[in-house]
Amino acid sequence: MLLKDYLQKLPEDSRDRRDAEKSLDLIATAAEHSNAAIRKMERMHKLLKVYELLGGEEDIVSPTNELMKEGHILKLSAKNGTTQDRYLILFNDRLLYCVPKLRLIGQKYSVRARIDVDGMELKHSSSPNLTRTFLVSGKQRSLELQARTEEEKKEWIQAIEATMSRHEQTVEQFKLLNSSHREDEEKLPPIHRTQTWVSEHQLQSGRRR
């Protein structure tokens, strides 16, 4: 802040102005890297807490994983309509449906089902006769769930929809990158395309070894 104030008070033709601007840019860059490192540490800390909560049975501690939301939820029984206490954990790539473990000290959960975000569908209401319900379905299975309050239901729906939307954007970006890469290859002269194919083939063969 002091350097920024100093720079604002410097005349435009001052000899020190260029050095001050460089110093301010360096400080801003360092602060940005520091904040990014802090956010990364906080994200990994959240993953480790969930990893411990699940007794280490789910491989979730990864730089590509991000915890989106977690919390208690009610599971509706298809047989008699009764509810059971469950725990939902939403990541950027999957939804974990967990049941409590019987323990004397400290609450732990066991993963009962996983639903991939890829291919996931969400219905805001599972039944017109039941309040605060929503249905999550995917490649693996479907879950009919009930929140304790309308606000809780709203928060879960917003989190799931945001995660699904984010996943779709990532998939689209990946497709665009692949399409752009193919177009660039097609623009190359035939000899360059052959060299590129040979290089990629050699790289893949080396990985298999």
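Procedures and definitions
- Residues numbered from 1 in each chain as written.
- Predicted model: local features only at pLDDT ≥ 70, side-chain atom pairs only at ≥ 80, totals over all residues.
- Heavy atoms only, no water.
- Helix = DSSP H or I, 4+ residues; strand = E, 2+ residues; numbered from the N terminus.
- Buried < 20%, exposed > 50% of the residue type's maximum accessible area, 1.4 Å probe, protein only.
- Contact = heavy atoms within 4.5 Å.
- Areas by Shrake-Rupley, 256 points an atom, 1.4 Å probe, with all protein chains shown as cover.
- pLDDT = per-residue confidence, 0-100.
- Phe/Tyr/Trp six-rings, centres within 6.5 Å; stacked < 30°, edge-to-face > 60°.
- Lys NZ or Arg CZ within 6 Å of the ring centre and 35° of its normal.
- Pairing = 2+ DSSP bridges.
- Axes fitted to C-alpha atoms, helices over the stretch in contact; angles between N-to-C directions.

Brief notes about the overall build of the protein chain
1) Next: For the protein chain, the helix and strand inventory stands at 4 helices and 7 strands.
2) Next: Start at the N end of the protein chain and walk to the C end: the helices and strands fall as α-α-β-β-β-β-β-β-β-α-α.
3) Next: Residues counted as buried form 27% of the 209 residues belonging to the protein chain.
4) Next: For the protein chain, the proportion of contacts with a sequence separation of at least 24, taken over those separated by at least 6, is 39%.
5) Next: For the protein chain, the computed accessible surface area is about 14,900 Å², with 51% contributed by carbon and sulfur atoms.

A look at the confidence of the model for the protein chain
1) Next: Here the protein chain shows a mean pLDDT of 78. Residues at 70 or above account for 66%.
2) Next: When the elements of the protein chain are averaged for pLDDT, helix α4 (residues 190-208) gives the smallest value, 52, and strand β5 (residues 121-123) the largest, 94.

A look at the packing of aromatic side chains
1) Next: Here the structure, examined in full by the defined rule, presents 1 aromatic pair.
2) Next: Aromatic side chains Y87 and Y109 sit 4.6 Å apart centroid to centroid with 20 degrees between the ring planes, which places their arrangement in the stacked category. Taken together, the residues Y87 in strand β2 (residues 83-91) and Y109 in strand β4 (residues 109-116) connect sequence positions 22 residues apart.
3) Next: A residue is classified by how much of its surface remains accessible, and Y87, at 10% relative accessible area, is buried.
4) Next: The ring of W156 carries the charged tip of K69 above its face, separated from the ring centre by 4.9 Å.
5) Next: Across from the ring centre of F91, 5.8 Å away, lies the NZ or CZ of R94, which sits over that ring.

So, the sheet that holds strand β6 (residues 133-137)
1) Next: Read across the open sheet, the 7 strands follow the order β4-β3-β2-β1-β7-β6-β5; overall the sheet is antiparallel. Two strands close off the open sheet at either side, each with one partner strand: β4 and β5. Adjacent strand axes in the sheet meet at a mean angle of 30 degrees when their direction is disregarded.
2) Next: In terms of strand pairing, β6 meets strand β7 (residues 142-146) through 5 bridges, oriented antiparallel. Note on β7: the bridge partner recorded for T133 is Q146.

Considerations on the pairing of β7
Moving residue by residue along a regular strand, the side chains alternate between the two faces of the sheet.
1) Next: When strand β1 (residues 67-76) meets β7, the two strands line up antiparallel, connected through 2 bridges. Paired with K75 across the bridge in β7 is L145.
2) Next: In textbook terms, the turn of a hairpin is the stretch between consecutive antiparallel strands, and for β6 and β7 this stretch comprises 4 residues.

Quick look at the side chain of K69
1) Next: Among the structural elements, K69 can be located in strand β1.
2) Next: Leave out the neighbours within four places in its chain, and K69 touches L88, I89, L90, E155, W156 and A159.

Overview of the environment of K123
1) Next: Within the element layout of this structure, K123 appears in strand β5.
2) Next: Here K123 falls in the exposed class, since its relative accessible area comes to 52%.
3) Next: Taking C-alpha positions, K123 is 8.8 Å from I157, a pair spaced 34 residues apart along the chain.
4) Next: Each residue touching K123, except ones within four places of it in the same chain, is listed here: F134 and L135.

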